[in-house]
Amino acid sequence: MVSGYQGENNTATPQNAATAVKAALGGEQTVYPAVCVYHTDWGCPLGGEPVGAYRAQGTPAEILAEAEKLRKNLKQTTLSVGLPGYGEPTIGFEANVHMPLLEAGAAWQEAAARYMSETGTYVSCGMAQIGSQVLISAEANPAFVSDREAWRKIVESICAEIGAETPSFAEVGFNYLKDAE
């Protein structure tokens, strides 16, 4: 997460976003350069919004408190947090692909936009550069995904199309942190 990613004077990169997140966490956590990938028509930069990704440790309450603090400190409007067995039940996935991070993000955006035009469902995701591979992950946000099986099929199709490994799916709890309305 990094504030101010939109606009013509944007200087955010996955690397400096990871540095910002690491600093906000106190410098103790391993944070990976990453992107949040959503539709370019919704303001997402080509290849994805630069963010920092890490695996949180602790109880669900501790993880959510830390995530909410980061969301506010880095001026993010929303943040989704998938936790096993805690939150609104849904499904999530993980898959790996071996290509540059922003190239993987752009390939996902293109395929996801096409599937949205065919199905009405857009699958957003997060991608983190971990060593020589990119970890792709997401949860089906229950506020937007009513047919989890259709969502799953789109994920499998996009992964196959961009050359990612077969995704692994699991039941997760979805926690959607956002500004009060």
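The structure this text deals with has already been given above.
Since the structure is predicted, the reported quantities are computational estimates derived from the model, not experimental observations. Residue positions are counted from 1 within each chain, in the order its sequence is given. Totals for whole chains, interfaces and linings use all residues, but because this is a predicted model, local features are given only for residues with pLDDT of at least 70 and pairs of side-chain atoms are given and counted only at 80 or more. Side-chain numbers come from the whole structure's heavy atoms, not from hydrogens or water.

Draft legend 1. Seen up close, the overall build of the protein. Secondary structure elements follow DSSP: runs of H or I of four or more residues count as helices, runs of E of two or more count as strands, with numbering from the N terminus. On a plain count of helices and strands, the protein comes out with 4 helices and 7 strands. Structurally, the protein occupies a C-alpha span of about 40 × 35 × 35 Å along its principal axes. Accessibility here uses a 1.4 Å probe with only protein chains present; expressed as a share of the type maximum, an area under 20% marks a residue as buried, one over 50% as exposed, and anything in between as partly exposed. When the 181 residues of the protein are sorted by exposure, 41% land in the buried category. Contacts were defined at the residue level, with two residues in contact if any of their heavy atoms lie within 4.5 Å. The long-range fraction of contacts in the protein, counting pairs at least 24 apart against all pairs at least 6 apart in sequence, stands at 70%.

Draft legend 2. View of the side chain of Arg-71. Among the structural elements, Arg-71 can be located in helix H2 (residues 60–73). A distance of 2.8 Å separates the side chain of Arg-71 from the backbone oxygen of Gln-76, its partner in a polar contact. Residues adjacent in sequence count toward polar contacts only when both atoms are side-chain atoms; beyond that, a polar contact is any pair of N or O atoms within 3.5 Å, and within protein one must be able to donate a hydrogen and the other to accept it.

Draft legend 3. Expanded view of the pattern of salt bridges. When a carboxyl oxygen of Asp or Glu is within 4 Å of a side-chain nitrogen of Lys or Arg, the pair counts as a salt bridge. The final tally for this structure, using the stated rule, is 7 salt bridges. Among the salt bridges present, the one from Glu-68 reaches Arg-71, with a minimum N-O distance of 2.9 Å. One end of the pair, Glu-68, and the other, Arg-71, are both in helix H2, 3 residues apart, so they sit about a helical turn from each other. The exposure class assigned to Arg-71 is buried, which follows from its relative accessible area of 2%. Ionic pairing is found between Arg-148 and Glu-171, a salt bridge with its closest N-O pair at 3.1 Å. Of the two residues, Arg-148 sits in helix H4 (residues 148–162) while Glu-171 sits in strand S7 (residues 168–178), which places them 23 residues apart along the sequence. Here the salt bridges share partners, and the residues they tie into one network are Glu-68, Arg-71, Lys-72 and Asp-179.

Draft legend 4. Expanded view of the packing of aromatic side chains. Between 30 and 60 degrees the pair is tilted, below 30 it is stacked and above 60 it is edge-to-face, where a pair is any two Phe, Tyr or Trp rings, Trp via its six-membered ring, whose centres lie within 6.5 Å. One pass over the structure, following the stated rule, counts 6 aromatic pairs. A centroid spacing of 5.1 Å and a plane angle of 65° characterise the contact between Trp-42 and Tyr-122, whose relative ring orientation is edge-to-face. Separated by 80 residues along the polypeptide, Trp-42 in the loop between strand S1 (32–37) and strand S2 (49–53) and Tyr-122 in the loop between helix H3 (101–119) and strand S5 (125–130) bring together distant segments of the chain. Accessibility expressed as a relative area gives 10% for Tyr-122, which makes it buried. Between the aromatic rings of Phe-93 and Trp-108, the centroid separation amounts to 6.0 Å while the plane-to-plane angle is 10°, which identifies the pairing as stacked. Of the two residues, Phe-93 is situated in strand S4 (residues 88–97) and Trp-108 in helix H3; the sequence distance between them amounts to 15 residues. Of the residues examined, Phe-93 reaches a relative accessible area of 3% and is grouped as buried. Pairwise contacts between aromatic rings join Phe-93, Trp-108, Trp-151 and Phe-169 into one cluster.

Draft legend 5. View of helix H1 (residues 14–24). Taken residue by residue, H1 has Pro-14, Ala-17, Ala-18 and Val-21 as its buried positions. In a view along the axis of H1, the buried residues occupy a sector of 100°, so they form one face of it. Opposite its buried face, H1 presents the exposed residues Thr-19 and Ala-23, each directed more than 90 degrees away. In this fold, the buried residues of H1 make contact with S1, S2, H2 and H3. Directions drawn from the helix axis to the C-beta atoms are what define this arc.

Draft legend 6. Local environment of the environment of Leu-74. Position of Leu-74 among the secondary structure elements: in the loop between H2 and strand S3 (78–83). Sequence separation between Leu-74 and Ala-20 is 54 residues, and the spatial gap between their C-alpha atoms is 8.4 Å.

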